[in-house]
Structures are given as C-alpha cells and as structure tokens.
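Fold and contact review
These are the residues of each chain, in order.
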Amino acid sequence: MGNGPAKEMKKRKKLEKVDMRKSMIAEIPPEVAVLKCRELLLSENDITRLPEEIGKLTNVEIMDLSKNRISVLPPEVGDLKTLQQLYLSGNKLFFAPLTPKIGALSALQKLDLSENSLTDVPVEISRLAKLTFLDISNNQIKIIPAEYGALENLQTFNANHNLIKTLPPEIGNWRSMKELDLSQNQLTALPDEISNMRGLRILRAGFNKLTMLPETLSQLQFLQELELRDNPAIDMLPTLAAMGELTKLDLRNLQLTVVPGLQNLINLQELDLRDNIHLKAFPEQIGALVNLRKLFLSGCNISVVPPFIAALTQLTLLDLRKNNLTSERIPPEIGALTQLSKLYLSENALSVLPQEVTNLVMMLDFEIASNRLVAIPEEIGRLSSLQRLNVATNQLHALPASLGALSDLVYFDAKENQIKDLPPSIANLNKLARCDLSHNALTQLPCEMGNMAALTTLEVSHNNLIIPPGPEVLKGTRNMLDWLKEHEKIIREGKFSNLGVVDATADPKAKKKP
C-alpha cells in the first residue's frame, strides 16, 4: 500500500466498514486501535501476526482475517466483546495453541477455523454460548471435546477433512443443529444421541470407517439431505421410512442389498446407489419415487431395467453404467422419460441401441461407450439437442449420415471402434469442438471437415490415414483442417496423384492397364 498501513488505518478511522482485502498488507500496525468500524475485512493479505491493540476495537462485530499467514492469536483478542463473526480460515494457526481467551468472546455467533492444520481445538470454545456456526474443517483434529456439548445454540458444525475417530455422546445436546458435516474423517460409529438433533436438515458422514449406524438415526424425520457414501463396511441401514422430507440421499459404495423404507421418500429428488455391488437388482421401491430427478445406479450388478421406470417421469439424469444390461433387458418404457437430459449406459453388454432412446429429444449428454454396438441407427438424428455423445469402444464400422443433424453437438467420442468411413454430413456439426476418432480404420477424412471452424481438437491417431497425409496429421488439428479445405477440389475430383498420395479408395489388388 502506497501510504503504509498506519496512514490507511487513520484515513478510515470513522468508517463503519473498513475493507482492505487483497491490499498486500504484511503487518497490522498498532494504529488499528483508532478504528471505530463494525466490519474489519483484511482477508487475502500477507499478515503474519496481530498486534495486541487488536483488542481495543470496541465496536467491531465482523472481523475477516482469512487467507493470511497468521500463526498466533494474541490473548487480547478475547477483549472484543462486541465481536459476532470471526473468520480465520486459511492461516497457519498450528504453530501455537489457540489462546484460551477465545472463549471470552461472549457475543460471538460465527467462528471459522478451517484450513489451519490444527491438531486440536481449545476447550474454551465451549463457553461461546451464542455460537451458531462453527467450522473446523480441513485440519488434523482428532478429538471433539465433550465440553462442546454445551454449545446448545449451534446450528451448523463443519468438521469435514479431519482425523476424528469418535464423537462424544454430549453432541446430543445440540438440539438446535441444522447442518452437521462429519465427512472425510475416521469415524467408526455415530452416537445414539444424534437422534436428539430433531431439527437436523443435513447430515454428511461419508468417507469414514463406519461399520454400522444407530437405529436412532430413523428418528431424524426432518432430514433433507443424508450422505453416508464410501463407508464400505456398512451392509445394513435402519429404516428411512420416517424421513419423508429427504430430497437427497447418497449411499454410494456401501454393501447394501436393500434400502429399508425407501418407498416412503416421496420427496426424494436425488438418489445415489452407485457401487453397491450386492444390490444386483433395480430396487422395486424406486417406482414410488415419482419426484426423482437424478438416479445413480452404476456398478450395482443390475441385469434388468424394470418397466416401472416409466413412473419416473421427472428424471433428468439416469446413470446405469457398469452393469450387466443387454439390449433386450431395457424396456420400451424408457421412452417415457421425456425430461431426461443425461443418460449413461456405458460398460454394459448392449448390442443394439434401444429404439426408444432416440425419442428422448431433451437429451444433452448420452454415453453408450464400452458396449457391443455394431451400428448406430439413423434415428440418432432425432436427438437434435445433444451436446455430448460418447460411443467409444464398441464394434462400429460406420457412422450414420444423420449424425450431421446433431447441430448442438460440442463433444463426440468414437475412439476404439472399427470405423472405416465418415459421412460427409459430419461437417454440419458447426459447434463441435472436440472429436476423438483415434484407434479406428479410417483412411480418409471428408474434405468437408475443412470448414469446421469450431473444431479445436481432432484426435485421429492409430488410423491408416492417407487423406490428409501423415505429415499434416502430425502438425495438429488446425493444419489438418486447413489442408482439407485447401485441397477440397482435388479430393472431390479424386486426383490423388496430384497430392502425392495413393488413392485411398483404390483397390490395391487391381492391375494397371497397359
């Protein structure tokens, strides 16, 4: 700062809000004591320490010191009796224990200590009777003090990305809790007392080491979001029947064979059951979830899609990748999903694209890679809103001319097939930016592709290309397209000898006339 922090502080001493974010401040001067502000915003600087005069800010209510290099909080911070919000995330507070005086901030409602590499948190935080928000995420904390049970007004507690192994039963005193994030820790159990948080709206406990869940979890009837994913030892759930307000349920990578009470969750909009390898069947209860928008069932060893899928008319995303589906086991009723914008069928055993899929004209993203398809039907052209299409790793020999009708297509992946020719209509894809045709049997690209101005990435390695010739291919996408455009007339006339290449369409066994 040109005039120095001290002069800048004096200039702002009567302001209600002092905003000096991103000001390259390395030190807060003692002159900070002259400020009368209610908001002091000093985030994203290079501050390493706080002066003891910080405790003389008698009016300050909000203090943001996040994203600095502060290593120690002076005990004088406890003198800020008007402070309601204190943000300290992204500092280096692990160098010394946090001052116990932090417990003297009697008006404090929000405290953010995230991203500081802390190994523990002071017990004195339990004295902050007005605290409603506490974020200690992205640290290395192993223990939540039992005394924190005294924080009876706490509504949001974020402790994700730590090393916590157990929770004290005293957290059952958090009867005002609305959002509890315990994900990415080392928890092996949740205490029964969690059911005391009757007003809980969001519970995240994914990526832990939970082996079972308390039956009392069923009593959290106002939950709107429940995340238990990636606790691979869990093979049973308590009934979810009373959780009628759930809108998002994430049970990915567990060992479930059934989800008790699933049919009662009529407000559910997003259900993730991916990688429950013992599920083996499309759960019948899903047919009752008529408000479902997103359904993830990849990696569940499912071999049949039941006709009742037609009831899920609000679906916008359906993920059935990595299953055992054949074309015959996808019913015509899939055509009833008229709101579907994303359909993922990759890594199955489909030999034919189900006809009804081509009626889903709202589709934006369609994946059917790693199957056994030998052809793409001309009806694919009906999907005129499609932006991404992935048909890689199949057994395709050609692409339909109707591909050119996909005027909104931005990404097309057809690598690892046996494609010998491309339809000239591919050049009609005016928005196509990325196209992967590598690992096929192409000998020639249509000269019309030279006019594809939006195409920035064209992968054609591991083909037998003659048009354009190898040296042009090695120069990259733009050079290939420019070459095709420049030589369009000659290519159309079939005068390949004028290009110094062999006719890509000629029969190599044909004898020359004398």
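Another aspect to go through is the overall build of the protein chain. Along the protein chain, the regular secondary structure elements total four helices and 20 strands. Computed over its C-alpha atoms, the radius of gyration of the protein chain comes to 31 Å, more than 25% above the 24 Å expected for a compact globule of 514 residues. Dimensions of the protein chain, computed from C-alpha atoms along their principal axes, come out at roughly 105 × 60 × 30 Å. For the protein chain, buried positions account for 51% of its 514 residues. Relative to all contacts within the protein chain whose residues are 6 or more apart in sequence, the contacts with residues 24 or more apart total 29%. Entry remark: accessible area of the protein chain is about 22,700 Å², with carbon and sulfur atoms responsible for 49%. Positive and negative side-chain charges in the protein chain, numbering 57 and 60 respectively, have mean positions lying 4 Å apart.

Membership of the largest hydrophobic core comes to 147 residues, with the highest contact counts inside it found for Leu40, Phe157, Phe366 and Phe412. A per-element tally of this core places helix H3 (residues 477-486) first, with four residues.

Side chains of Lys7, Lys10, Lys13, Lys14 and Lys36 sit close together on the surface and give a patch of like positive charge. Note that Lys36 resides in the loop between strand S1 (17-19) and strand S2 (39-41).

The next subject is the confidence of the model for the protein chain. This prediction gives the protein chain a mean pLDDT of 94; 96% of its residues lie at or above 70. Scored below 50 in pLDDT, residues 510-514 shows zero contacts in the model against residues more than four places distant or in partner chains.

The next thing to look at is the packing of aromatic side chains. Per the counting criterion, the structure on display carries three aromatic pairs. Consider the rings of Phe94 and Phe95, whose centres lie 4.4 Å apart with planes at 25°: the pair is stacked. A cation over a ring is seen here: Arg388 above Tyr411, with NZ or CZ 4.5 Å from the ring centre.

A surface patch of negative charge is lined by Glu147, Glu170, Asp192 and Glu193. Counting through the fold element by element, Glu170 comes out in the loop between strand S7 (156-158) and strand S8 (179-181).

Once that is clear, we can look at the environment of Thr456. Its place among the elements puts Thr456 in the loop between strand S19 (434-436) and strand S20 (457-459). With sequence-adjacent residues up to four places away left out, Thr456 is seen in contact with Ala433 and Thr477.

Take unusual backbone geometry next. Here the bond from Ile467 into Pro468 is cis, since omega is -5°, no more than 30 degrees from zero. Of note, Pro468 is situated in the loop between S20 and helix H2 (470-474). Although it is not a glycine, His161 adopts a positive phi angle of roughly 55°. Among the secondary structure elements, His161 is positioned in the loop between S7 and S8. Positive phi values are uncommon outside glycine, yet Glu416 reaches one of about 55°.

Before going further, it helps to examine the environment of Ile102. Checked against the element boundaries, Ile102 lands in the loop between strand S4 (85-87) and strand S5 (110-112). By relative accessible area, Ile102 is classed as buried at 0%. With 17 residues separating them in the primary sequence, Ile102 and Thr119 have C-alpha atoms 17 Å apart. Not counting the four nearest positions on each side in its chain, Ile102 is found in contact with Leu73, Leu111, Pro122, Ile125 and Leu128.

Attention shifts here to the environment of Leu213. Note on placement: Leu213 falls in the loop between strand S9 (202-204) and strand S10 (225-227). Take Leu213: its relative accessible area is 5%, and that puts it in the buried class. Expressed as a C-alpha distance, the spacing of Leu213 and Met236, which sit 23 residues apart in the sequence, is 8.1 Å. Dropping the residues within four chain positions of it, Leu213 is found in contact with Leu190, Leu228, Ile234, Leu237 and Pro238.

Turning next to the state of the cysteines. In this structure the tally under the stated criterion is zero disulfides. With no disulfide partner, Cys447 has as its closest neighbouring cysteine sulfur the one in Cys435, 16 Å distant. Under the relative-accessibility criterion, Cys447 is labelled buried at 6%.

Among all positions of H3, only Thr477, Met480, Leu481, Trp483 and Leu484 are buried. Mapping the buried residues of H3 onto a view down its axis gives an arc of 160°, with all of them on the same face. Contacts from the buried residues of H3 go to S20, H2 and helix H4 (488-493).

How each quantity is defined
Residues numbered from 1 in each chain as written. Predicted model: local features only at pLDDT ≥ 70, side-chain atom pairs only at ≥ 80, totals over all residues. Heavy atoms only, no water. Helix = DSSP H or I, 4+ residues; strand = E, 2+ residues; numbered from the N terminus. Rg over C-alpha atoms; globule rule 2.2 N^0.38 Å. Buried < 20%, exposed > 50% of the residue type's maximum accessible area, 1.4 Å probe, protein only. Contact = heavy atoms within 4.5 Å. Areas by Shrake-Rupley, 256 points an atom, 1.4 Å probe, with all protein chains shown as cover. Lys, Arg positive; Asp, Glu negative; His and termini not counted. Charge placed at Lys NZ, Arg CZ, Asp CG, Glu CD. Core = buried A, V, L, I, M, F, W, Y, C linked by side-chain atoms within 4.5 Å. Patch = residues over 30% accessible without salt bridge, like charges linked within 9 Å, V, L, I, M, F, W, Y side chains within 5 Å. Salt bridge = Lys/Arg side-chain N within 4 Å of Asp/Glu carboxyl O. pLDDT = per-residue confidence, 0-100. Phe/Tyr/Trp six-rings, centres within 6.5 Å; stacked < 30°, edge-to-face > 60°. Lys NZ or Arg CZ within 6 Å of the ring centre and 35° of its normal. Disulfide = S-S within 2.5 Å. Arc of directions from axis to C-beta.

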